[in-house]
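Chain by chain, the residues:
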Amino acid sequence: FMLKEIYEQSSTLRNTLRLQDQFLELMTEFLDRAGEVFLVAAGTSYHACLAASYMFSKLAFLATHPIIASEFVEQHGKSVNIDSTILFVSQSGETADTLAALDHARLRASTILGLTNVIGSTLTRLSRVYVCQQSGPEIGVAATKTFTSQLSVLAQLALRLAKRRGKVSHVEIEFLEKKLQQIPDIAEDILRTQPGKIKQLAKKYCDKPCFFYLGRGISSATALEGRLKLLEIAYVPAIAYPAGESKHGPISLIETGFPLVFICPRDETHKMVVSNIMEMKARGASIIIVCEEGDEELKRLADDCIEVPKGVPEILSPIVYVIPLQLFAYYMALEQ
Ligand code: F6R
């Protein structure tokens, strides 16, 4: 089922582009009016929230707080109030930690918004407004297609909010809207061209006892998700960090042959990631890079490289860059 659901992503992403306009618009209005915004979720859905915090900030100039559901009450329980708007993201709409945070927020009279895949779930019943991501049932234990759909919905919300707030030029908005429409085709392209290569990588690296996933900016969320898939499905311990933070301690783990997966789209962080890669290479790490097709600078530095089609904008990059990482986790699990 995991493999089937990974392959379904080009069609689930197409469905996610056909959401009901009025609910997206209503949710955008709530976000626009909000005093403070929290994005609360668990596991993979939390990684979608983390990526969304970059989208909202970069496009709509809205600061949001992505919070792990099980920490929400401890961290913000006393401060949330009637002025807080909280978007709960849950594929199932039933995750106990997420619903516990929601109960708390309801008691404090906060505005509850929901993003879920299951109509009729507790999250849909308790939300002021909810959006259903339309990914179809997810049978596999690991969240795959539902993650990319969540990202697509969150990007659509960030774009709408940016439009409403007039923070980004209409030329850029139109460009990003067009790119969002192309994402399902790009996903299809990756699923057609990369699996053979990824299978070979899994064979090459399957004996490694531990992996490191690194990315900067929005790709730090992609790194966390890639790492979660690997440890959840292949039972291989893995660590993920924002690449810039890796030198503050974790770098001491690196020795000859230690496998490092860098998520490196051609975005504003590219140059800094190159220097992180060189740092790790100097310590003898084996470097696997997920990068844009034809990125010769990175390909020269990499031991192995997975290429993603050109021209994916930064804020949409997690939707496509995570797909090779899902496949890698799947093939690594088969090799164990
Ligand atoms: C990871 C995974 C879990 C879920 C988490 C939240 O592959 O499936 O981490 O993402 O349990 O579930 P939902 O989104 O249903 O609240």
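Residues numbered from 1 in each chain as written. Predicted model: local features only at pLDDT ≥ 70, side-chain atom pairs only at ≥ 80, totals over all residues. Heavy atoms only, no water.

**Describing the overall build of the protein chain**
To keep it simple, the criterion reads: Helix numbering and strand numbering both begin at the N terminus, where a helix is a DSSP run of H or I of at least 4 residues and a strand a DSSP run of E of at least 2. Radius of gyration means the value over C-alpha atoms here, while the globule rule gives 2.2 Å times the residue count to the 0.38 power. Two residues form a contact once any of their heavy atoms are found within 4.5 Å.
Of regular secondary structure, the protein chain possesses 14 helices and 10 strands. Rg of the C-alpha trace for the protein chain: 19 Å, near the compact-globule value of 20 Å for 336 residues, within the 12% margin. For the C-alpha atoms alone, the extent of the protein chain along its principal axes is close to 55 × 40 × 40 Å. Excluding contacts between residues fewer than 6 apart, the proportion of contacts in the protein chain whose partners are at least 24 apart in sequence is 76%.

**With respect to the site of the ligand**
Quick note on the threshold: Being near a molecule or strand, for a residue, means having at least one of its heavy atoms within 4 Å of it. For the purposes of these results, a polar contact is taken to be a pair of N or O atoms within 3.5 Å, where, inside protein, one atom must be able to donate a hydrogen and its partner to accept one; residues adjacent in sequence count only when each atom of the pair is a side-chain atom. Accessible surface is estimated by sampling points in the Shrake-Rupley manner with a 1.4 Å probe; for residues, cover comes only from the protein chains shown. In this classification, the charged set is Asp, Glu, Lys and Arg, the nonpolar set is Ala, Val, Leu, Ile, Met, Phe, Trp, Tyr, Cys and Pro, and all remaining amino acids, among them Gly, are polar.
Neighbouring residues of the ligand: 14 residues in total, closest Ser45, Ser90, Ser92, Thr95 and Glu232. Note that an oxygen atom of the ligand is positioned 2.8 Å from one of the backbone N or O atoms of Gln91. Burial of the ligand by the surrounding chains reaches 82%, relative to a free accessible area of 410 Å². Grouping the constituent residues of the shell around the ligand by class yields five nonpolar, seven polar and two charged.

**Let's talk about the sheet that holds strand β6 (residues 211–215)**
Rules: By the convention used here, strands pair only if DSSP detects at least 2 bridges between them. Inter-axis angles, ranging from 0 to 180 degrees, are taken between N-to-C directions of lines fitted to C-alpha atoms, where helices are fitted over the stretch in contact.
The five strands lie next to each other as β7-β6-β8-β9-β10, forming an open sheet whose pairing is parallel. Looking along the sheet, the strands with just one partner apiece sit at the ends: β7 (238–242) and β10 (304–308). Taking each pair of neighbouring strands and ignoring which way they run, the sheet shows an average axis angle of 15°. Note that β6 and strand β8 (residues 259–264) share four bridges and pair parallel. In the sheet register, Leu214 faces β8, and the bridge partner there is Phe262. Against the sheet, helix α10 (residues 195–205) engages β6, β8, β9 (286–292) and β10, with an angle of about 155° to β10. Running at roughly 160° to β6, helix α11 (residues 219–234) makes contact with β6, β7 and β8 of the sheet.

**What to know about the nonpolar core**
We count it as follows: Definition used in this section: a nonpolar core is a set of buried Ala, Val, Leu, Ile, Met, Phe, Trp, Tyr and Cys residues joined via side-chain atoms within 4.5 Å. Type-normalised accessible area, obtained with a 1.4 Å probe on protein chains alone, sets the label of each residue: buried when under 20%, exposed when over 50%, and partly exposed for intermediate values.
Counting 86 residues, the largest nonpolar core has Phe56, Leu87, Phe211, Tyr213, Leu230, Phe328 and Met332 as the members making the most contacts within it. For this core, the element with the most residues is helix α14 (residues 317–335), which contributes 11 residues. In contact with Leu230, not counting residues within four places along its chain, are Phe211, Tyr213, Tyr235, Val236, Ala238, Phe328, Ala329 and Met332.

**Quick notes on helix α5 (residues 69–76)**
Rules: Working definition: the arc comes from the directions between the helix axis and the C-beta atoms, pointing outward to the latter.
Within the sequence span of α5, burial applies to Ala69, Phe72 and His76. In an axial view of α5, the angular spread of the buried residues amounts to 40°, which keeps them on one side of the axis.

**Digging into the sheet that holds strand β1 (residues 36–41)**
Judged by pairing direction, the sheet is parallel, and its five strands sit side by side in the order β2-β1-β3-β4-β5 without closing on themselves. Edge strands, defined here as strands with exactly one partner in the open sheet, are β2 (64–68) and β5 (129–132). Pairs of neighbouring strands in the sheet enclose a mean axial angle of 20°, with direction left out of account. Of the strand pairs in this sheet, strand β3 (residues 84–90) and strand β4 (residues 111–116) are connected by six bridges, and their pairing is parallel. In the strand pairing of β4, Val89 is matched with Leu115. Contacts from helix α3 (residues 21–33) reach β1, β3, β4 and β5, with the element oriented near 135° to β5. Contacts between helix α8 (residues 145–165) and the sheet are confined to β3, β4 and β5, with β3 contributing the most and set at about 155° to the helix.

**Overview of the pattern of salt bridges**
Opposite charge on two side chains permits them to pair, given that their charged atoms come into close proximity. The following threshold applies: For salt bridges, the criterion is a side-chain nitrogen of Lys or Arg within 4 Å of an Asp or Glu carboxyl oxygen.
A complete count under the given rule lists 20 salt bridges for this structure. Measuring nitrogen to oxygen at the nearest pair gives 2.8 Å for the salt bridge that ties Lys145 to Glu8. Residue Lys145 is found in helix α8, and its partner Glu8 is found in the loop between α1 (2–7) and α2 (9–16); the two are separated by 137 residues along the sequence. In this structure, Glu268 engages Lys58 in a salt bridge whose closest nitrogen and oxygen atoms are separated by 3.7 Å. Here Glu268 is found in the loop between β8 and α12 (270–282), whereas its partner Lys58 is found in helix α4 (residues 43–60), with 210 residues between them in sequence. Here Glu268 falls in the exposed class, since its relative accessible area comes to 64%. Given a relative accessible area of 34%, Lys58 falls into the partly exposed group. Taken together, the salt bridges that share partners define one network made up of Asp21, Glu25, Asp32, Arg160, Arg164 and Arg165.

**Some words on the environment of Arg33**
Note that Arg33 resides in helix α3. Put simply, Arg33 and Cys305 are 272 residues apart on the chain and 44 Å apart in space, counted from C-alpha to C-alpha.

**Brief notes about the packing of α8 against α14**
Formally: Oblique is the label for any angle not under 35 degrees, not over 145, and not in the 65 to 115 range, which are roughly parallel, roughly antiparallel and roughly perpendicular in turn.
It is at 9 Å that the axes of α8 and α14 come closest, and there the two elements cross at 170°. Judged by the inter-axis angle, α8 sits roughly antiparallel to α14. For the pair α8 and α14, the contacting residues are Phe147, Thr148, Leu151 and Ser152 in the first and Pro318, Ile319, Val322 and Gln326 in the second. Here the residues of the contact of α8 with α14 are counted per class, giving five nonpolar, three polar and no charged.

**So, the environment of Glu94**
As for its placement among the helices and strands, Glu94 is situated in the loop between β3 and α6 (96–107). Residue classification places Glu94 among the partly exposed positions, given a relative accessible area of 40%. Distance from Glu94 to Leu201, taken between C-alpha atoms, is 36 Å for residues 107 residues apart in sequence. The residues contacting Glu94, other than those within four sequence positions of it, are Leu99, Ser121 and Thr122.

Nothing here speaks to function; it is geometry throughout.
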